[in-house]
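So you can see what is in the structure, the chains are spelled out below.
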2 protein chains.
Amino acid sequence: MGQTITEKILSDHLIEGELTPGEEIGIEIDQTLTQDTTGTLVWLQFEALELDEVQTELAAQYCDHQTYQFDFKNTDDHRFLRSAAGTYGAHFSRPGNGICHNVHRENFAAPGKTLLGSDSHTPTPGGLGQLAIGAGGLDISVAMGGGPYYVEMPEVVNVRLEGELEAWATAKDVILEMLRRLSVKGGVGKIFEYTGPGVETLTAPERMTITNMGTELGATSSIFPSDEQTRDYLERVGREDVYVPLQPDDDAEYADEIVIDLSELEPLIACPSMPDKVVPVSEVAGERVEQVIVGSCTNGAYEDVLPAAKLVEGREIAKHTEMIVAPGSKQASEMLARQGWVAEMMAAGVNFSEATCGACIGIGHVPASDSVSVRTFNRNFEGRSGIEDDNVYLSSPEVAAAAALAGEIVDPRDLAEELGDLEAPGLELPEKYDGSKADLITPENAIDDELIKGPNIGDVPLKDELESDLGGEALLKMDDNITTDHIIPATADILKFRSNIEKLSEFTLSRVDDTFADRAKAADGGFLVAGENYGQGSSREHAALCPMYLGIEGVFAQSFARIHKANLFNFGLVPLTIDEETYDQIDQGDEIEILDDVGEGVRNGAEEFTVRVNDDWEFTARLDASDRERDILAAGGKLSWTKAQYDSSSGAAPADD
Amino acid sequence: MGQTITEKILSDHLIEGELTPGEEIGIEIDQTLTQDTTGTLVWLQFEALELDEVQTELAAQYCDHQTYQFDFKNTDDHRFLRSAAGTYGAHFSRPGNGICHNVHRENFAAPGKTLLGSDSHTPTPGGLGQLAIGAGGLDISVAMGGGPYYVEMPEVVNVRLEGELEAWATAKDVILEMLRRLSVKGGVGKIFEYTGPGVETLTAPERMTITNMGTELGATSSIFPSDEQTRDYLERVGREDVYVPLQPDDDAEYADEIVIDLSELEPLIACPSMPDKVVPVSEVAGERVEQVIVGSCTNGAYEDVLPAAKLVEGREIAKHTEMIVAPGSKQASEMLARQGWVAEMMAAGVNFSEATCGACIGIGHVPASDSVSVRTFNRNFEGRSGIEDDNVYLSSPEVAAAAALAGEIVDPRDLAEELGDLEAPGLELPEKYDGSKADLITPENAIDDELIKGPNIGDVPLKDELESDLGGEALLKMDDNITTDHIIPATADILKFRSNIEKLSEFTLSRVDDTFADRAKAADGGFLVAGENYGQGSSREHAALCPMYLGIEGVFAQSFARIHKANLFNFGLVPLTIDEETYDQIDQGDEIEILDDVGEGVRNGAEEFTVRVNDDWEFTARLDASDRERDILAAGGKLSWTKAQYDSSSGAAPADD
């Protein structure tokens, strides 16, 4: 039987299991990627595992989220990460050098390789035929130590592209169309593999816009073939040596097929406050816009910013509209500057920022209250911009630039007709991506050979083995689609405590209920209750670690987002699935008792647990977990489990017992 | 008798009083300047005065301090300021367009005119022969309403420049030399007037580096003649029409004379943590540097950044050193970008930021703990960078760039010798300052005609008339040189409450004693006690307004910084001078009672008040105040006083009584 691209790469890297959808597999990881807000914990865990050196082919540590360094804690984190990269043999990308996904694709991504990253948009280089998966930080620590990465074998879905994009339609509209059709839950447990005659009409950067934002579908990853477009891009970044062709077999079998005719796409926009609330731009035209931002890992590359620059060149943006451009990498900034585009954008009234994730996670350029912001980002979850009740729209750079010129949302085709001389900028790749690599420090040129910890960089908390009796209050009942931004916000005032779990925990779920953390600490045990898709969004493992630190023992939800569920196992919280009726019946404040022996049930493969509420009524909760996940859960989490394994195999005494 | 430049301009603008040093004069203000962290209150006060329109020749509102907009409150403030400028007829400079002093000198500064600004570095265009003074926001509100500005006639000191700067010595070294000789208190009550043959060897931008940082001497202002260099600069910024020549008369009399031989200056550096701790760079050479920042209103202009760019061109900065460049204006950024310098800096490893005050006030790029930062800024007060116990050095761009290349403090002459091919970049002005003005919105093109207040923008608190009996606890005893940064920190987490006095007050003096605000509120009345030079630094009137809001009734200090003392009058707090012996005797917690009738004494010109401590011993405190200041103090502050005047003259009922 023929293989999909996904199956080919997985076969090459398979260590445990079989490639049957739903079954757990263990795969070898070639490359890892960490950024600053998740990386500190990754390296603290790597330190706790007492390993000497990174074992993967390549590990890269980026500083991209907190580049404005609002607090010394941010700057201390960056210095710690530099020291960790130096100590353990990883590449280090300095703050201001760019967003991890952009710098990684420029410098390291390679077709056929596996990449595991502690950032949910890790699938970006899927556009180059790399199998790239986002995971919790602890999984990255273990992978860097040479351990396999365990994941449920996803279904592989064929997204067949036909036709060719017309003027003003872009790769962003392809992924917005996917979101429009499938919703933010449509990709759960799936890898989207793009095939068909439309594929070769898309350059590798366009493909990476699509694979990047495939994350918003809830997908495990997205991937394109590796072909002449891939080779072409790799030549332009000066790494043609890593090119290998990669295509699905003609008789590859897919779980499902979706067909998109590129020629039928028009400019689309995602409305507040979910990336799948997608409509044609014309449907929301006329909405006054006070802020436009071009950038992010989705649309922050040289070839993403260039169309926006061309559109504003020689014009002025609307006076009531602030337009900020934050390129995805300093290489992009440098090239745009060298070619005069930065000056042209500034002349038009653009506020040109350093290369940063920044505003995409609510760090900087928070919108004014009761105002509309149009952004080329990938997410517009409510409050993620840094203000509650925000009105953030997501679009292509073309649509964003048009909004900045008009001061309102406008279909760029209509604006072009109105202005008469506005041409569709199209896509233009540079001959060579020839920016400097001054900010990328190789392991050979490492600055530090020991860890430098500032006063805010704490220890990693460990959990004890899972107990037999679990009971406590339903401390918080939440709706559907609670994101990790709800669980642990990433705004600057909170982000700075990412390396200080005790302090960070005080903000747990504060956006849902600001009394939660205090109540949880006082209760010393208890449960969370949620609807569908609990824990969607960013991969941050703090969203499991902080509830664990507060004493939460388990989460009852109708369904879980993939990465977050893995994080719950990794930090020893029991993720239990309930049906809608049960969800409706449970009230916040209910006293919950799991009647079965939980520790034993988890170890012995029990899939159902009987739960008693207020000593009054009972329901059944399901535990869907692999043997390995059960072992981890029983041990009190992956760090305890991995450390125990390491200790028993080496015979060495634990370091701090 | 001949006149100094200062006297000539003051004579032209005199409304009340005589030009006798120490006497209060009232002068007409031609131009005002406000920025975002002080401007919101200025406009709220302007609104409270119920005036229709700005009465000065020109008013300009800038957004420069909080440009990263890390909270919606910042963005709301910017929108409010845009709406206020539009409503009342001021120019509005959008966030990202640059630092007020830089944008003002490029667009509006003019020799012979008076400028009043709610920022302590307002004297910058003194380098163009403008008499520019920093003041509290309320003074600006009144000036914008057409009222005179009252100030004690300063002594005018002649700073006679001889010779010419040698390679690697810069204008920054001139002002650092002044600080080395005179200290941060050396300019109190003085205007420094630069004369002598050395003057014509300095371009207007160099002169403005000197007048800008004259503020650190505690001076009321600093000023240069208006001559061919002035005309030359005005031609380059396209405003030769505002040129008028201005020289002191040959027989002008000065209170004092200081002579500096420019040819004897070498590269200097101010050590942590005061701008007057100046030594030759070579004395601290070898200190490892983790951060270098080029920018600020002192050294952020095109011709300031250019030397740093030339030095790093074709090289790479040290790998353990982060170098950030934040130009003073977008015009500078645009020109540097257009000429390729931005690309060259990025290639060398520079993190190129938007045009912002930013790091200079602890907003962004806070140094790592226990690390050294070299900056081209004007202040290095402890903690101002955003971290306590910081180690911030102040230098020229040349010295800063050399530190970035070497990774340690180094005399650039030594580095040049070591490298062999590093040449002194010297000073180079552009043919034309030809950046876009897209971000400067004129009153004619105003966006808004009514105020837009976000939910964080509150009302202005008013104080009642001064009472007869003042008594209470000495709530806090402080050392010498307490800055307004100590009184109300300007870090991002606090700055966002500048328009919300109730909330902002919670942070009052928290850097000295974090229990203070709670204790003050509980005490409902009481006093502050301080040593010499209380309230030095930034002009922020919140440093008086917040203690007023907390119920503080007076401050006993050995001496007061000029602007802060005016702010104390303006907000109805009694500033009383005590001698060193008394200062030593008072303890925090002492019960203090002013035995005289304070309200009556203030009104009747009493200069001495008898104060009883703990019902045990007595001392005499002096009130040094003009009649006008006494009226203001008695009325409960300038806003109450001005409003009462306005109400009585118009016969209109107060708006909200």
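Residues numbered from 1 in each chain as written. Chains lettered and ligands numbered in written order. Predicted model: local features only at pLDDT ≥ 70, side-chain atom pairs only at ≥ 80, totals over all residues. Heavy atoms only, no water.

Trainee: How would you summarise the packing of aromatic side chains if you had to cite specific residues and measurements?
Mentor: Per the stated rule, a full pass over the model turns up 26 aromatic pairs over all chains. Plain terms: the ring middles of A:Tyr233 and A:Tyr433 are 5.4 Å apart, the flat faces sit at 65° to each other, and that makes the pair edge-to-face. Taken together, the residues A:Tyr233 in helix H8 (residues 228–236) and A:Tyr433 in the loop between helix H14 (412–419) and strand S20 (440–441) connect sequence positions 200 residues apart. Note on A:Tyr233: relative accessible area 1%, which makes it buried. Taking the centre distance of 4.8 Å and the plane angle of 70° together, the rings of B:Phe46 and B:Tyr88 count as edge-to-face. Of the two residues, B:Phe46 sits in helix H2 (residues 36–48) while B:Tyr88 sits in helix H3 (residues 72–88), which places them 42 residues apart along the sequence. (Phe/Tyr/Trp six-rings, centres within 6.5 Å; stacked < 30°, edge-to-face > 60°. Helix = DSSP H or I, 4+ residues; strand = E, 2+ residues; numbered from the N terminus. Buried < 20%, exposed > 50% of the residue type's maximum accessible area, 1.4 Å probe, protein only.)

Trainee: Any chance you could break down the sheet that holds S20(A) for me, citing the residues and the numbers?
Mentor: All names here are of chain A. The six strands are arranged S7-S6-S3-S4-S5-S20 in an open sheet whose pairing can be described as mixed. For this open sheet the edge positions go to strand S7 (131–134) and S20, each flanked by a neighbour on one side alone. Summarising the sheet, strand S4 (residues 58–62) and strand S5 (residues 91–93) pair through three bridges and their orientation is parallel. Along S5, the bridge assignment pairs Ala60 with His91. (Pairing = 2+ DSSP bridges.)

Trainee: Mind laying out the domain arrangement of chain A, listing which residues take part and the relevant values?
Mentor: All names here are of chain A. When its domains are assigned, chain A resolves into domain 1 (5–264), domain 2 (268–419) and domain 3 (470–636). Computed over C-alpha atoms only, the centres of domain 2 and domain 3 are separated by 36 Å. The partner domain 3 presents 12 residues to the 11 residues of domain 2 that form the contact. Approximately 820 Å² of surface area, both sides summed, lies buried where domain 2 meets domain 3, with 55% of it carried by carbon and sulfur atoms. Broken down residue by residue, the surface that domain 2 buries against domain 3 is led by Ile361, Ile363 and Phe381, which jointly contribute 43%. Linking domain 2 with domain 3 are two salt bridges. Residues Glu388 and Arg511 are paired through a salt bridge, measuring 3.0 Å at the closest nitrogen-oxygen approach. Summed over the shared surface of domain 2 and domain 3, the result is four residue pairs in polar contact (both at pLDDT 80 or more). For the side of domain 2 that touches domain 3, the residue count by class is four nonpolar, three polar and four charged. (Domains from an automatic or database assignment. Contact = heavy atoms within 4.5 Å. Buried area = accessible area lost by both parts, 1.4 Å probe. Salt bridge = Lys/Arg side-chain N within 4 Å of Asp/Glu carboxyl O. Polar contact = N/O pair within 3.5 Å; in protein donor to acceptor, adjacent residues only side chain to side chain. Nonpolar A, V, L, I, M, F, W, Y, C, P; charged D, E, K, R; others polar.)

Trainee: Go over the sheet that holds strand S6 (residues 114–117) of chain B with me, naming the residues and quoting the values.
Mentor: Residues and elements named next belong to chain B. The six strands are arranged S7-S6-S3-S4-S5-S20 in an open sheet whose pairing can be described as mixed. Of all strands in the sheet, those with a lone pairing partner are strand S7 (131–134) and strand S20 (440–441), marking the two edges. Packing against the sheet, H2 makes contact with strand S3 (31–34) and strand S4 (58–62), and its axis sits at approximately 125° to S4. (Axes fitted to C-alpha atoms, helices over the stretch in contact; angles between N-to-C directions.)

Trainee: Please set out the interface of chain A and chain B residue by residue, giving values where relevant.
Mentor: With 59 residues of chain A at the interface, the matching set in chain B holds 59 residues. For the chain A and chain B pair, buried surface summed over both sides reaches about 4,600 Å², with 51% attributable to carbon and sulfur atoms. At the boundary of chain A with chain B, the tally comes to four salt bridges. One salt bridge in this structure joins A:Glu290 and B:Arg79, with 3.5 Å as the shortest N-O distance.

Trainee: I'd like to hear about the pairing of strand S18 (residues 372–375) of chain A, residue by residue, with values.
Mentor: Residues and elements named next belong to chain A. Residues Val372 and Val374 line one face of S18 and the alternating positions Ser373 and Arg375 line the opposite face, and both faces are buried. As defined by bridge partners, strand S15 (residues 291–295) adjoins S18 across three bridges and the pair is classed as parallel. Bridge pairing in S18 links Ile293 to Arg375. With four bridges joining them, S18 and strand S19 (residues 391–394) adopt parallel strand pairing. Bridging from a neighbouring strand, Val374 pairs with Tyr393 of S19.

Trainee: Account for the nonpolar core, naming residues and giving values.
Mentor: With 112 residues, the main nonpolar core has A:Met323, A:Val374, B:Met323 and B:Val374 as its most contacted residues. Ignoring anything within four residues of it in the chain, the contact list for A:Met323 reads A:Val292, A:Val294, A:Ala308, A:Val312, A:Ile317, A:Gly349, A:Val350, A:Asn351, A:Ala401 and A:Ala404. (Core = buried A, V, L, I, M, F, W, Y, C linked by side-chain atoms within 4.5 Å.)

Trainee: Please provide a residue-by-residue account of the environment of B:Thr75, values included.
Mentor: You can see B:Thr75 is positioned in helix H3. C-alpha of B:Thr75 to C-alpha of B:Gln339: the two residues are 264 residues apart in sequence and 32 Å apart in space.

Trainee: How would you explain helix H23 (residues 627–635) of chain B if you had to name every residue and give the values?
Mentor: Each α-helix turn comprises 3.6 residues. Residues three or four places apart therefore point the same way. Here H23(B) has its buried residues at B:Arg628, B:Glu629, B:Arg630, B:Ile632, B:Leu633 and B:Ala634. One or two positions beyond H23(B), positive phi appears at B:Gly636, with a value near 100°.

Trainee: So, the pattern of salt bridges: which residues are in play, and what are the values?
Mentor: Residue and element names in this part refer to chain A. For the structure shown, the criterion picks out 76 salt bridges over all chains. A salt bridge links Lys113 to Glu57, with the nearest nitrogen and oxygen atoms 3.0 Å apart. Residue Lys113 is found in the loop between helix H4 (100–107) and strand S6 (114–117), and its partner Glu57 is found in the loop between helix H2 (36–48) and S4; the two are separated by 56 residues along the sequence. The partly exposed category is assigned to Lys113, whose relative accessible area is 26%. Of the charged contacts, one joins Arg379 and Glu216 as a salt bridge, the two residues approaching to 2.6 Å between their closest N and O atoms. With Arg379 in the loop between S18 and S19 and Glu216 in the loop between helix H7 (204–213) and strand S11 (221–223), this residue pair connects regions lying 163 residues apart in the sequence. Classification of Arg379 as buried rests on a relative accessible area of 3%.

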